[in-house]
Amino acid sequence: MLQATNIHKNFGKVTALDGVDLTLNEGEILGFIGPNGAGKTTMMRIIMGVLQADQGETKVFGLDSWQNAVEIHQKVAYVPGDVNLWPNLTGGEVIDLFLRLKDAHQKNQKQQLIEQFELDPTKKCRTYSKGNRQKVALVAAFASDADLYVLDEPTSGLDPLMEKVFQAKVLKLAEAGKSVLLSSHILSEVEKLCNKVSIIREGKIIETGTLSEMKHLTRMQVIVKTQKKLKGLHESPYIHDYRETSKGTSFSINSEYIGDIVAYLTPFGITDLQCLPPTLEELFMSHYSERGQSE
Amino acid sequence: MNKYIAKTRILFLNMLRRDRLVWSLWIVAVVGFIVGLVPVFDNLLLAGEMDRLAMVEMMKNPAMIALVGPVYGEADYTLGAAFANYMLVFSLLIVGVMNVFLVTRHTRLEEDTGRMELLRALPVGRHANLMATALLTLSVNVLLAVILTVFLYLFRGQGMSMEGCVLFGVSMGVIGIFFAATTAFLSQIASNNRSALSMSILLLLILYVMRAVGDVWHESLALISPLGLILRTKIFVQDSWWPVLPIVALSLVFAGLTLFLSDKRDMGSGLLPEKAGREHGATWLSGPFGLAFKLTKNTIILWGVVIFMLAAMYGSVFGELDAYLSSNATIQAMIAMDPRFTPVEQFMVLLMMVMSIISTVPILALVNRISHEEKNGFLELMLCQPVSKTSMISSYLVLTLVTSVCYQFIAAFGLWSVGSMVLETTPTLTSFIVSAFLYLPAIWVIAGMLIVIIGFLPGKSAIIYYYLGYAIVVNYIGRLIKMPEWTRKLTSYGYIPQYPLEEISLSVHVGLLALFVLLCAVGFYGFRKRDILTK
């Protein structure tokens with residue numbers, strides 16, 4: 001579906017992308033996360049054939065993203081991160097224009113989306129707020145019958161209710177076997193929607209994998225209460241952040257040892273056990289802080 | 001009072017600093033343009049290049065009166081009288097445009113971009129920005145008036161008194177302030193920056209045409225227009241000060257109305273409501289060309305009207321022109337009349353060139369629209385659809401070609417239709433159309449140059465306007481002051497035969513067309529290969 005290998009891009013002396021690899025297979029929803037200025041938007045523009053990579057190759061549907069942009073875009077829907085719309089066109093006109101360019105005019109679906117996103121299509125784009133401009137781009141994208149959806153921080157201006165509508169739409173795409181590349185700052189959203197994640201930092205991909213794979217690499221937090229007093233636990237090399245709290249004994253542990261630790265705890269008589277899976281937030285933070293320290 | 005104008009001083013100083021290049025360049029350019037032409041006129045009149053009497057006769061030609069205003073002091077047509085006669089209206093138009101840009105830049109544009117919201121969130125008075133803008137325009141106009149006066153006096157020629165120089169400067173300053181006030185007023189009414197800008201420019205044009213028509217037929221119409229009234233100062237002839245007062249008073253009225261309206265309306269909205277638009281796109285809005293047309297439609301029509309009005313204005317003086325030229329031996333000798341052609345035919349050559357250069361301005365703006373789309377991120381939106389770069393830029397090119405044909409037709413038709421109403425011996429519509437269409441390749445070559453700039457130097461398209469400015473100077477003023485022929489041959493207009501006085505030359509036109517195609521091909525190549533500008 002999408003295959004980018006070793007993408008480099010410089011703007012003058014500034015290196016924006018420094019050997020990025022990105023793969024998205026059919027039916028996958030890939031979360032593309034990273035801090036501001038990491039190169040997410042530049043990468044998406046290269047995928048969309050708007051910018052030309054200095055080095056490397058980006059294939060969409062097996063075609064070169066720069067050379068065959070027009071062909072590719074028949075089946076790709078894009079929502080830019082910063083939606084600028086023609087100030088003197090109405091939202092309805094913009095949506096119709098985009099759908100006609102794709103030969104994908106599905107009236108019912110469009111109407112339904114406009115209602116779901118509570119958009120007033122008769123207003124001139126200059127009067128729209130950021131969220132409303134995003135809604136215009138989202139309606140145009142979801143109403144077109146694409147195979148690949150490239151969404152650059154699509155919910156950054158939406159209210160929580162509209163975010164829900166958006167998430168429902170993306171999950172529906174996934175059911176229909178479509179592929180989605182979703183960049184976002186909202187990790188809970190990525191966690192909810194994506195089955196694969198790539199993390200980018202300073203123009204380099206620092207981690208790629210399924211969420212479950214990645215969670216393996218991180219620690220689970222365990223809070224336990226036992227009848228007998230726990231002994232010897234804090235001396236174990238697998239145990240980290242050992243603390244006695246009012247809620248019980250709290251520690252974190254690499255996911256792979258979770259079976260061993262339950263076996264160890266059982267003789268003490270467990271009265272309460274909570275295992276909290278790592279959130280993407282923790283994943284994200286641990287990556288950045290580790291990198292920060294190593295530099 | 002504090003809640004209205006608090007921190008005006010800081011805002012004013014900030015504007016002065018932010019715009020230091022803008023206003024200083026305007027002042028240098030305006031003063032340079034005006035004062036720089038004093039020695040040129042001096043040469044023209046004193047070195048015997050042109051007979052003083054012939055100059056008076058030429059200026060009394062109705063077409064010239066419509067263009068620059070009535071002749072004063074013909075009995076003793078000094079350098080000062082000739083200079084003020086020829087230069088004042090042009091200079092006033094320039095200072096008008098300067099103020100329109102200066103004011104919209106700090107009022108509606110600031111609101112549209114959202115910067116005003118940031119400012120208003122600070123402990124700043126509600127009208128502080130407006131006050132600071134008023135102070136800015138006031139200082140720039142006063143500064144311009146003072147510098148202009150000083151330099152005019154330093155470079156003064158025969159008949160240019162101290163008082164006349166001061167009055168020239170003051171007239172410029174006062175008209176500048178007048179247009180600053182009307183622009184501020186229209187900015188309160190318009191619903192966005194673009195319409196504020198176009199309404200203000202339109203007002204400037206209307207007042208200019210009112211003056212032109214008034215000066216030729218009915219003086220009272222010219223007196224209503226400040227651009228006509230200020231000419232009654234008769235600078236370097238009588239130096240009357242009275243016209244200054246009503247214009248200052250009128251400016252104050254507009255300033256007061258502006259303040260009143262600014263207090264009544266919400267930030268970011270005008271008094272003219274933003275009406276609801278179409279819920280669905282029209283069927284023709286379905287591709288790059290449809291979009292290009294939709295975005296530029298109003299501008300194209302507006303310019304079409306302007307070109308028709310100018311052509312009609314010239315055409316309307318054909319009757320007077322014919323009578324005047326046939327009866328006047330001096331001027332016949334001066335423009336070396338060829339007996340095989342009628343006077344109107346001979347004048348048509350000059351008019352067609354002027355009209356063609358004027359219509360090049362909107363044509364370049366149309367080509368340049370693609371850069372505007374690129375800078376604002378709209379091009380990126382389109383390129384992320386199944387649309388190629390070539391189809392985007394060629395849409396604007398095709399639109400430009402069609403529009404240029406229409407404009408040349410409108411110019412020919414305007415001259416002919418009104419001309420034939422007032423003069424039976426006006427040449428046929430066909431010869432007007434031929435004469436106008438002969439200029440098309442010249443216009444297209446300049447458009448082609450702009451395409452090359454867009455293809456290789458993104459964001460630098462303003463260069464072409466300097467070139468157009470050069471073309472105007474050498475082809476228009478250059479003929480009057482007898483600049484050498486090669487200066488004109490550096491512009492495409494310089495190659496167009498003066499039909500019907502000269503034969504149509506096929507090779508020139510084929511050559512220009514070939515050059516145009518080549519320029520487009522090169523420009524398209526560059527545009528396709530380069531990255532587009534992204535935010």
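Colleague: Explain the overall build of chain A residue by residue, including any values.
Modeller: Helix and strand counts for chain A come out as 10 helices and 14 strands. For chain A, the C-alpha atoms occupy an extent of roughly 70 × 45 × 30 Å along the three principal directions. Taken over 295 residues, chain A has a buried fraction of 51%. Within chain A, residue pairs in contact and separated by at least 24 positions form 68% of the contacts whose partners lie at least 6 positions apart. When the accessible surface of chain A is split by element, carbon and sulfur atoms take 48% of a total near 13,300 Å². Side-chain charges of chain A comprise 33 positive and 37 negative groups, with the mean position of each set lying 5 Å from the other.

Colleague: Describe the domain arrangement of chain B, and please don't skip the residues or the numbers.
Modeller: Residue and element names in this part refer to chain B. Partitioning chain B into domains gives domain 1 (1-38 + 88-272) and domain 2 (283-535). One C-alpha centre belongs to domain 1, the other to domain 2, and the line joining them spans 30 Å. Summing both partners gives a buried area of about 830 Å² for domain 1 against domain 2, and 80% of it is carried by carbon and sulfur. Between domain 1 and domain 2 we count zero salt bridges in total. Here domain 1 is connected to domain 2 by zero residue pairs in polar contact (both at pLDDT 80 or more). A breakdown of the residues in the side of domain 1 that touches domain 2 according to their chemical character gives five nonpolar, no polar and one charged.

Colleague: Residue-level account of the packing of helix α6 (residues 79-106) of chain B against helix α10 (residues 162-189) of chain B, with values.
Modeller: Residue and element names in this part refer to chain B. At a minimum axis distance of 8 Å, the contact between α6 and α10 shows a crossing angle of 35°. Helix-helix and strand crossings are classified by hand; for α6 and α10 the assignment is right-handed. Of the residues in α10, those touching α6 at F83, A84, L88, S91, L92, V95, G96, N99, V100, V103 and T104 are F168, S171, M172, I175, G176, F179, A180, T183, A184 and S187. Here the contact of α6 with α10 is built from residues that sort into 13 nonpolar, eight polar and no charged.

Colleague: Can you explain the sheet that holds strand β5 (residues 63-64) of chain A? Please cite residues and give values.
Modeller: All names here are of chain A. Spatial strand order, β2-β1-β4-β5: four strands in an open sheet with antiparallel pairing. Of all the strands in the sheet, the pair left with one neighbour each is β2 (14-24) and β5. Where strand β1 (residues 2-11) lies against strand β4 (residues 55-60), five bridges are found, and the strand directions are antiparallel. Within β4, the position partnered with L2 by the bridge is V60.

Colleague: I'd like a rundown of the nonpolar core, residues and numbers included.
Modeller: If you look at soluble globular proteins, the nonpolar side chains tend to sit buried side by side. Counting residues in each nonpolar core, the largest one holds 216 residues, and the members touching the most others are W86 and L181 of chain A together with F83, L152 and F168 of chain B. Of the residues that make up this core, three or more belong to each of domain 1 (1-38 + 88-272) and domain 2 (283-535) of chain B. Discounting chain neighbours no more than four positions away, the residues touching W86 of chain A are V94, L97, F98 and C125 of chain A together with L291, L295, E373, F378, L381 and M382 of chain B. Of all hydrophobic cores here, the second largest spans 10 residues; its members include V224, L233, I253 and I261 of chain A.

Colleague: Go over the pairing of β1 of chain A, please, and point to the residues and values.
Modeller: Each regular strand shows side chains that alternate between the opposite faces of the sheet. Bridge count for β1 of chain A against β2 of chain A is eight bridges, and the pairing is antiparallel. Bridge assignment links Q3 of chain A to a residue of β2 of chain A, and that residue is T23 of chain A.

Colleague: Outline the side chain of S240 of chain B, supporting the account with residue identities and numerical values.
Modeller: Its location among the elements puts S240 of chain B in the loop between α13 (226-229) and α14 (244-264). A relative accessible area of 14% places S240 of chain B in the buried class.

Colleague: Would you mind going over the sheet that holds strand β11 (residues 219-226) of chain A in detail, with residue names and values included?
Modeller: Residues and elements named next belong to chain A. Here four strands make up an open sheet; going across it, the order is β12-β13-β11-β14 and the pairing antiparallel. Two strands in the sheet have a free side with no partner beyond their single neighbour: β12 (239-245) and β14 (270-276). Going from strand to strand, the sheet's axes swing by 20° on average, the running direction of each strand aside. As paired elements, β12 and strand β13 (residues 248-254) share five bridges and run antiparallel to each other.

Colleague: Account for the confidence of the model for chain B, naming residues and giving values.
Modeller: Per-residue confidence for chain B gives a mean pLDDT of 88, with 95% of residues at or over 70. Scoring of the predicted complex yields 0.79 for pTM and 0.80 for ipTM.

Colleague: A description of unusual backbone geometry should follow, citing residues and the corresponding values.
Modeller: Of note, the phi angle at E153 of chain A is positive, near 40°, even though the residue is not glycine. Assignment of secondary structure puts E153 of chain A in the loop between β7 (148-152) and α6 (160-175). Positive phi outside glycine occurs at K234 of chain B, with the angle close to 45°. By the element assignment, K234 of chain B lies in the loop between α13 and α14. Classification of K234 of chain B as partly exposed rests on a relative accessible area of 23%.

Colleague: I'd love a proper account of the packing of aromatic side chains, names of residues and values included.
Modeller: Describing an aromatic ring pair means giving the distance of the ring centres and the angle of the ring planes. Residues and elements named next belong to chain B. Applying the stated criterion across every chain, the model contains 16 aromatic pairs over all chains. Between Y86 and F90, the aromatic rings sit 6.4 Å apart at their centres with planes inclined by 65°, giving edge-to-face as the arrangement. Of the two residues, Y86 and F90 are both situated in helix α6; the distance of four residues between them amounts to about one turn of the helix. Take Y86: its relative accessible area is 8%, and that puts it in the buried class. Seen from their ring centres, W284 and F293 are 5.6 Å apart, and the 70° between their planes marks the pair as edge-to-face.

Colleague: Help me get a handle on the interface of chain A and chain B, residues and values and all.
Modeller: In this complex, chain A contributes 34 residues to the contact, which on the side of chain B involves 38 residues. Carbon and sulfur atoms supply 58% of the area that chain A and chain B bury against each other, a total of about 3,400 Å² over both sides. At the junction of chain A and chain B, the tally comes to four salt bridges. Between D531 of chain B and K9 of chain A there is a salt bridge whose closest N-O contact spans 2.4 Å. Inspection of the region where chain A meets chain B yields 15 residue pairs in polar contact (both at pLDDT 80 or more).

Colleague: Run through the environment of L229 of chain B, naming residues and quoting values.
Modeller: Residues and elements named next belong to chain B. With respect to the secondary-structure elements, L229 resides in helix α13. Sequence separation between L229 and I177 is 52 residues; the distance between their C-alpha atoms is 15 Å. Ignoring anything within four residues of it in the chain, the contact list for L229 reads A222, L223, W242, P243, P246 and I247.

Colleague: Just give me the short version of the pattern of salt bridges, but keep the residues and values in it.
Modeller: Residue and element names in this part refer to chain A. Taken as a whole and judged by the stated rule, the model has 27 salt bridges over all chains. One salt bridge connects K204 with D18, and the closest N-O pair in it is separated by 3.5 Å. Linking K204 in strand β10 (residues 204-210) with D18 in strand β2, this pair joins segments that are 186 residues apart in sequence. Measuring nitrogen to oxygen at the nearest pair gives 3.3 Å for the salt bridge that ties K196 to E28. Here K196, found in strand β9 (residues 196-201), pairs with E28, found in the loop between β2 and β3 (29-33); they are 168 residues apart in sequence, far enough to count as distant. The class for K196 is buried, based on a relative accessible area of 12%. Here E28 falls in the buried class, since its relative accessible area comes to 16%. When salt bridges that share partners are traced, they join K75, D145, D147 and K178 into one network.

Reading the values: rules and limits
Residues numbered from 1 in each chain as written. Chains lettered and ligands numbered in written order. Predicted model: local features only at pLDDT ≥ 70, side-chain atom pairs only at ≥ 80, totals over all residues. Heavy atoms only, no water. Helix = DSSP H or I, 4+ residues; strand = E, 2+ residues; numbered from the N terminus. Buried < 20%, exposed > 50% of the residue type's maximum accessible area, 1.4 Å probe, protein only. Contact = heavy atoms within 4.5 Å. Areas by Shrake-Rupley, 256 points an atom, 1.4 Å probe, with all protein chains shown as cover. Lys, Arg positive; Asp, Glu negative; His and termini not counted. Charge placed at Lys NZ, Arg CZ, Asp CG, Glu CD. Domains from an automatic or database assignment. Buried area = accessible area lost by both parts, 1.4 Å probe. Salt bridge = Lys/Arg side-chain N within 4 Å of Asp/Glu carboxyl O. Polar contact = N/O pair within 3.5 Å; in protein donor to acceptor, adjacent residues only side chain to side chain. Nonpolar A, V, L, I, M, F, W, Y, C, P; charged D, E, K, R; others polar. Axes fitted to C-alpha atoms, helices over the stretch in contact; angles between N-to-C directions. Left-handed = near helix turned anticlockwise from the far one by under 90°. Pairing = 2+ DSSP bridges. Core = buried A, V, L, I, M, F, W, Y, C linked by side-chain atoms within 4.5 Å. pLDDT = per-residue confidence, 0-100. Phe/Tyr/Trp six-rings, centres within 6.5 Å; stacked < 30°, edge-to-face > 60°.

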